[in-house]
Amino acid sequence: NEGMANPKEKTFSFVVVGGGIAGVTCVEQLASQIPSADVALITAGPHIKAVTNYKQVSKLLEEFDVEECPSSVLEEKFHNLTVIHSAVKSLHTQSHTVETADGCVFGYEKLCICSGGRPKLLTQDNPNVLGIRDTDSAQEFQKRLSKAKRIVVVGNGGIALELVYEVEGCEVVWAIKDKAIGNTFFDAGAAQFLIPLLEADKPERASPCKRPRYTTEESAPSCGSGPTEAGSALGPDWHEGIVLRGAEQVSHRVLLQYQCEVEKIFTSEELLNSPQQTVGPENGSWPIYVQLTNGNTFGCDFVVSATGVVPNTEPFLHSNKFALADDGGLQVDDHMMTSEQDVYAAGDVCTACWEHSPLWQQMRLWTQARQMGWYAGRCMVAHLLSEPIELDFCFELFSHITKFFSYKVVLLGKFNGQGLGPNHELLVRCTKGQEYVKVVLSGGRMVGAVLIGETDLEETFENLILNQMDLTPYGEELLNPNIDIEDYFD
Ligand SMILES: Cc1cc2nc3c(=O)[nH]c(=O)nc-3n(C[C@H](O)[C@H](O)[C@H](O)COP(=O)(O)OP(=O)(O)OC[C@H]3O[C@@H](n4cnc5c(N)ncnc54)[C@H](O)[C@@H]3O)c2cc1C
Ligand SMILES: NC(=O)C1=CN([C@@H]2O[C@H](COP(=O)(O)OP(=O)(O)OC[C@H]3O[C@@H](n4cnc5c(N)ncnc54)[C@H](OP(=O)(O)O)[C@@H]3O)[C@@H](O)[C@H]2O)C=CC1
């Protein structure tokens, strides 16, 4: 048995792998619910992520800040917790042990894998194609941007939306596959509402920079050595603590390239060696060139591949038989259990494979990482104590609060009509520069909503979605701004 090659350092009741929001929330549950149980958090990065200023906005909507802090903060809070800073190299489910990069072996009764994800880059090993995930990659991006005149951003999800709005002083060529911006979060109508903000100069910030939340200056104690391991994912407002400014004296300059993908990425040397290449007027003067499928080629300082995440599963797969989902995540059931005995998973690394509520879908977000970590911890405790446990209420309805282009954005349920086919109708109310409200109705009942701006509708709409009331009699009055909708349904 490979796992027994090294002597076991210690056996814990619970071991959690990963110091991101899923792992830390899981550990907090475990350590607080059974104070007599030995709990270990094994994490590759030097810091851990902690949820602060948690606020329950409504039944399901939640808001919180995330702080990167030394693990001692957690150990001081929970005396039954040990934090081990080393990457898990292998897992041996037969012997219930994990082995870390520095050769230590730890036993577990129950294990939760919360190893997150990493950027799904367009190309690997190209120093001019960057992904943004953790503090180090954000700092590298910031450093490269400060000298850049033009960058190409590829992808149409969360990171791209944030970057194209936040980056100043640098031309941004934004290449997206779709007809409208922000396909993972909203539809063409919402995109139309937001587009003018990309064309205008950015308003001056009242307070230019908040306290930087993400720093790697102080090094945390580690039981391992070797190259820096990937840290936890960034999260809400990550860009507020750092200056995202290029080398030019401009505010926004975004050149959108719709409905295209990257055909080829090549260097100026490759360009000179293939004279048939058709490129723009700056032929040869950029470190890297991106040829798009729409026939346009752009020279740039570097490319940001904001093209999604891949679950971090590798160290756990070797010699185990984990069932994987199509997106590469560890399949988990409605108790956050993987296909291997006594092994649970939560956060970006897992794929929720239970039969979902008709109003919920998985998205790899802070909120879901926190909810899954919390629920996985509760399940692990319940199973250890042989107690029953039911799927948590938070998985009834998808809910997310975030900010794009400085607007508050609330997403509820099937906000983009996901999976509903043509069998749904939309009601939209839009006031340019102020708010965009979209409601998705199916069979006369509200199944989703997108709220951009200070609409104050989230709680009422959440209730209407949860209680599945037939709204047919109200018709378009539902969005009549002259009616106080809360009174309407009292
Ligand atoms: C730039 C950016 C902005 C984002 N903005 C938002 C936002 O505004 N709102 C939102 O809801 N979500 C946002 N997200 C998504 C959110 O950050 C993630 O969904 C969430 O952090 C996932 O948490 P996690 O704990 O599953 O994984 P992670 O945070 O990735 O943590 C994984 C942990 O596992 C550790 N690890 C990995 N492999 C090993 C190993 N082999 N051994 C030991 N430890 C290991 C890592 O060091 C890390 O500590 C953003 C993501 C990025 C990259
Ligand atoms: N405010 C928030 O809530 C934020 C959340 N995040 C989260 O962080 C994680 C990482 O963000 P991000 O990288 O933006 O991931 P997302 O999953 O949000 O978006 C990825 C985007 O890239 C597109 N894409 C995928 N492959 C290619 C390709 N080969 N060529 C061109 N486009 C491609 C996808 O299109 P398609 O879907 O059609 O494949 C999609 O538009 C996500 O989990 C995201 O939810 C990040 C920032 C902010």
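Just so we're clear, the structure is a prediction, and the values are computed from it rather than from any experiment. (Residues numbered from 1 in each chain as written. Chains lettered and ligands numbered in written order. Predicted model: local features only at pLDDT ≥ 70, side-chain atom pairs only at ≥ 80, totals over all residues. Heavy atoms only, no water.)

*Asks:* Mind showing me how you'd approach the pairing of strand β2 (residues 39-43) here?
*Replies:* The side chains of a regular strand alternate between the sheet's two faces. Of all five residues that make up β2, five are buried, and the element is covered over most of its length. Covered by surrounding structure in β2 are Val39, Leu41 and Thr43 together with Ala40 and Ile42, the residues of both alternating faces. Across five bridges, β2 lies against strand β5 (residues 81-85) in parallel orientation. Bridged to Leu41 within β5 is Val83. (Buried < 20%, exposed > 50% of the residue type's maximum accessible area, 1.4 Å probe, protein only. Helix = DSSP H or I, 4+ residues; strand = E, 2+ residues; numbered from the N terminus. Pairing = 2+ DSSP bridges.)

*Asks:* Any chance you could explain the site of ligand 2 here in plain terms?
*Replies:* Neighbouring ligand 2 are 22 residues; Ile159, Gly308, Arg364, His400 and Thr402 lie closest to it. One of the backbone N or O atoms of Gly308 is found 2.9 Å from an oxygen atom in ligand 2. Separating a nitrogen atom of ligand 2 from a side-chain N or O atom of Thr402 is a distance of 2.7 Å. When ligand 2 sits alone it has 900 Å² of accessible area, and the protein chains cover 77% of it. Secondary-structure elements contributing two or more residues to the shell around ligand 2 are α4 (158-166) and β22 (399-404). Along the lines of polarity and charge, the residues of the shell around ligand 2 split into eight nonpolar, ten polar and four charged. (Near = heavy atom within 4 Å. Polar contact = N/O pair within 3.5 Å; in protein donor to acceptor, adjacent residues only side chain to side chain. Areas by Shrake-Rupley, 256 points an atom, 1.4 Å probe, with all protein chains shown as cover. Nonpolar A, V, L, I, M, F, W, Y, C, P; charged D, E, K, R; others polar.)

*Asks:* Would you explain the environment of Gly182 in this entry?
*Replies:* As for its placement among the helices and strands, Gly182 is situated in the loop between β12 (171-175) and α5 (188-199). For Gly182, a relative accessible area of 0% corresponds to the buried category. Separated by 155 residues in the primary sequence, Gly182 and Val27 have C-alpha atoms spaced 34 Å apart. Once you skip the residues sitting within four places of it in the chain, Gly182 turns out to touch Asn156 and Leu161. (Contact = heavy atoms within 4.5 Å.)

*Asks:* Whenever I open this one, a negative patch on the surface confuses me. Can you help?
*Replies:* Among the surface-exposed residues, Glu454, Asp456, Glu459, Asp484, Glu486 and Asp487 lie close enough to one another that they form a single negatively charged patch. Looking at where Asp487 falls in the secondary structure, it is placed in helix α10 (residues 485-488). (Patch = residues over 30% accessible without salt bridge, like charges linked within 9 Å, V, L, I, M, F, W, Y side chains within 5 Å. Salt bridge = Lys/Arg side-chain N within 4 Å of Asp/Glu carboxyl O. Lys, Arg positive; Asp, Glu negative; His and termini not counted. Charge placed at Lys NZ, Arg CZ, Asp CG, Glu CD.)

*Asks:* What is the right way to look at the site of ligand 1 in this model?
*Replies:* Around ligand 1, 40 residues are found, and the nearest of them are Val88, Arg133, Ala230, Leu234 and Trp366. Gly20 places a polar main-chain atom, nitrogen or oxygen, 3.4 Å from an oxygen atom of ligand 1. Gly45 places a main-chain nitrogen or oxygen 3.2 Å from an oxygen atom of ligand 1. In the complex, 93% of the free accessible area of ligand 1, which totals 1000 Å², lies under the protein chains. Among the secondary structure elements, those contributing two or more residues to the shell around ligand 1 are α1 (21-33), β2, α4, α8 (366-384) and β22. It is α8 that provides the largest number of residues to the shell around ligand 1, a total of three residues. In this structure, the shell around ligand 1 is formed jointly by two domains, domain 1 (2-118 + 309-395) and domain 2 (121-217 + 230-305), each of which donates at least three residues. (Domains from an automatic or database assignment.)

*Asks:* Would you mind showing me how to read the pattern of salt bridges here?
*Replies:* Once the charged atoms of two side chains with opposite charge are near each other, the side chains can pair. For the structure on display, the rule yields 17 salt bridges. Among the ionic pairs, Lys143 bridges to Glu140, the shortest N-O distance being 3.8 Å. Placement of the pair is Lys143 and Glu140 together in helix α3 (residues 135-145), with a separation of three residues, close to one helical turn. Here Glu140 ties to Arg144 by a salt bridge, and the two come within 3.6 Å at their closest N and O atoms. Note that Glu140 and Arg144 are positioned in helix α3 at a spacing of four residues, about one turn of the helix. On the basis of relative accessibility, which here comes to 30%, the residue Glu140 falls in the partly exposed class. Connected through shared salt-bridge partners, Glu140, Lys143 and Arg144 make up one network.

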